[in-house]
Amino acid sequence: MTDTKYTIRGETGDWEVVVGLEVHAQVTSNAKLFSGAATAFGAEPNTQVSLVDAAMPGMLPVPNRECIRQAVRTGMAIDAQINRWSRFDRKNYFYADLPQGYQISQLYHPIVGEGAIDISLDDKNPDAAGKRIGVERIHVEQDAGKLMHDQHPTRSYVDLNRSGVALMEIVSKPDMASPAEAGAYLRKLRSILRYVGSCDGNMEEGSMRADVNVSVRKAGDELGTRTETKNVNSVRFVMAVVEQEAKRQIDVLESGGRIVQETRLYDPDRNETRSMRSKEDAHDYRYFPDPDLLPLELDDAFLEECRASLPELPDTKRRRYEALGITPYAAAVMTAEVEAARWFDALLDTGVAPVAAANWTTSELFGALNRTGRDIENSPVSPDQAAELLGLIADGTLSGTLAKQVFEIMLETGQGAAEIVEERGLKQTSDTGEIERVIAEVMAANEDKVADYRGGKDKLFGFFVGQTMKAMGGKANPGVVNDVLKKMLG
């Protein structure tokens, strides 16, 4: 990240952008927040609804311990304050997919207080280009159901499968100042959640979505009036919302208008935000403590268990990789997604050389997976198979060229490297006599170039290396070829 601030030039000068994100992350758990109903994605409408979710008379909510545990673990992962005492509140509003007529949330006493997330905009040097984004709070709350408007020409249907699903609302401070920073924050938060295992981060399925708060101001001015664009479901769209909404606000202000605090929706087809409703304040929802739920009180044993269950997190893992000699870029690439990091850790556990393993993984393996449209979880090459291939490269059995051939066969067949080498005779040769014989033939066929080389055209050396390797089908040891050529060319 450079020191140049992101600004948008308007007719009256440069404007700064101020961004905060409220991320709703569906908690990975065995059931809903206050009932035992299932939460599987894609189930038939209204097949995952308990009497509690449907707000039947006399039904009382019971907190799901696992949902609370996952929220606490998430707070610990961002080094946030964990509140040993927290409370549920009722947020009262009427909507057709909210059977209770209120949502159980946490306004006044959230389970997690202030924390922070470190982001980077420079993959080549993540530490040098970092910025710390404050997190104001994490609270747990119920999700609402879903209205379905496309099932009937004149009626809307209600699907209550999501009603009561546990969400963590992760509220950032307004510390982001560009689309790139908002994108980096959301990617980093998603990565942390997936490492922790508290949310699968699947934005396409709606298990993670962001409300994007944007305002603009001239340098040095007070914060402007913000708008909130709801339920944005991809990193790319969040970045687009920041850019387009900031430009819209600047146009309004420079034409003499004023920004209204409101809720907006993003239309990706038109790449624009549209007004949805005026933004309500907390008092409009008549929050009050939920009388059906006792406050949550967390004891030492519970907190210790939560902390002990945390895995090695992305930044710690990246620094560990760098300490092994791996470049900051390769370390950042391999720790961005938890599945890739787990795969690479399994490769390191075989005892391979870390730097060679990292270079091969980021170039050959990731390149092949991208080319074939696979992800690391569906890699046809396991860490043990990769270790075998790298071992054959390290001991001189395979040259770089031969290793590429063997790897392609591994991708197609699932066979191990040693088996392929043996079966197809792809072993590299270091037989000096055989290499001398081939070099003699190359020199005899190119007497003019031999004379030119001996006359001072040193760059022709590469030509002889290439011709020798070609004649030997790429199976000659390049180091031996170089040594023998130097002697024979004089």
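These numbers come from a predicted model, not from an experiment.

A. Quick peek at the packing of aromatic side chains. If you walk through the whole model with that rule in mind, you get ten aromatic pairs. Centroid distance Tyr285 to Tyr287: 6.1 Å. Interplanar angle 75°. Geometry classified as edge-to-face. A ring pair is formed by Phe463 and Phe464, whose centres lie 5.3 Å apart and whose planes are at 75°; its orientation type is edge-to-face. Here the aromatic residues Tyr93, Tyr108, Tyr285 and Tyr287 are joined through ring pairs into a cluster of three or more. It is Lys449 that lies over the ring of Phe463; its NZ or CZ is 5.1 Å from the centre.

B. Summary view of the pattern of salt bridges. Applying the stated rule across the entire model yields 36 salt bridges. When the shortest N-O distance is used, the salt bridge between Lys247 and Glu243 registers 3.2 Å. Placement of the pair is Lys247 and Glu243 together in helix H3 (residues 235-254), with a separation of four residues, close to one helical turn. Salt bridges sharing partners connect three or more residues here, namely Lys188, Asp315, Arg318 and Glu322.

C. Structural context of empty space enclosed by the protein. All told, the structure shown has one cavity of 30 Å³ or more when counted by the stated rule. There is about 60 Å³ of room inside the largest cavity. Lining the largest cavity, in full, are Asp53, Leu98, Pro99, Gln100, Gln103, Gln142, Asp143, Ala144, Ser163 and Gly164. Among the residues forming the lining of the largest cavity, the class breakdown is three nonpolar, five polar and two charged.

D. Structural view of helix H10 (residues 400-413). Taking 1.5 Å of rise per residue, 14 residues should cover 20 Å, and H10 covers 20 Å from first to last C-alpha, within 8% of that figure. Among the residues making up H10, those that are buried are Leu402, Ala403, Val406, Phe407, Ile409, Met410 and Leu411. One or two residues past the end of H10 sits Gly414, with phi positive at roughly 80°.

E. Summary view of the sheet that holds strand S4 (residues 89-92). Taking strand neighbours across the sheet as the criterion, the three strands line up as S5-S4-S15 in an open arrangement whose pairing is antiparallel. Lying at the two open borders of the sheet, with one neighbouring strand each, are strand S5 (102-105) and strand S15 (288-289). Across two bridges, S4 lies against S15 in antiparallel orientation. Pairing of Asp89 across the sheet is with Pro289, part of S15.

F. Looking closely at the pairing of strand S1 (residues 7-10). Only one face of S1 is covered, namely the one carrying Ile8 and Gly10; the face carrying Thr7 and Arg9 has none of its residues buried. As paired strands, S1 and strand S2 (residues 13-26) are joined by four bridges and run antiparallel to one another. If you follow Arg9 over to S2, its bridge partner there is Asp14. Where S1 hands over to S2, the hairpin turn is made up of two residues, counted between the paired strands.

G. Spatial organisation of helix H12 (residues 432-445). Counted at 1.5 Å a residue, the expected span for H12 with its 14 residues is 20 Å, and the 20 Å between its end C-alpha atoms agrees. Every buried residue belonging to H12 is among Ile435, Val438, Ile439, Val442 and Met443, and all of these are buried. Each buried residue of H12 lies within a common arc of 140° when the element is viewed along its axis, so the set occupies one face. Across H12 from its buried face, at more than 90 degrees, point the exposed residues Ala444 and Ala445. Looking at the buried side of H12, the elements it contacts are helix H13 (447-454), helix H14 (461-471) and helix H15 (478-489).

H. The arrangement of unusual backbone geometry in detail. Of note, the phi angle at Ala55 is positive, near 60°, even though the residue is not glycine. Position of Ala55 among the secondary structure elements: in the loop between S2 and helix H1 (65-77). Even without a glycine there, the phi angle at Asn271 is positive, about 50°. Mapped onto the fold, Asn271 is located in the loop between strand S13 (262-267) and strand S14 (272-278).

Here is what the cut-offs are and how they apply
Residues numbered from 1 in each chain as written. Predicted model: local features only at pLDDT ≥ 70, side-chain atom pairs only at ≥ 80, totals over all residues. Heavy atoms only, no water. Phe/Tyr/Trp six-rings, centres within 6.5 Å; stacked < 30°, edge-to-face > 60°. Lys NZ or Arg CZ within 6 Å of the ring centre and 35° of its normal. Salt bridge = Lys/Arg side-chain N within 4 Å of Asp/Glu carboxyl O. Helix = DSSP H or I, 4+ residues; strand = E, 2+ residues; numbered from the N terminus. 1 Å grid on protein atoms, 1.4 Å probe; cavity = no way out; pocket = protein on both sides within 12 Å on 5 of 7 lines; lining within 4 Å. Points joined across faces, edges and corners; volume = space filled by probe spheres on them. Nonpolar A, V, L, I, M, F, W, Y, C, P; charged D, E, K, R; others polar. Expected span 1.5 Å × (residues − 1). Buried < 20%, exposed > 50% of the residue type's maximum accessible area, 1.4 Å probe, protein only. Pairing = 2+ DSSP bridges. Arc of directions from axis to C-beta. Contact = heavy atoms within 4.5 Å.

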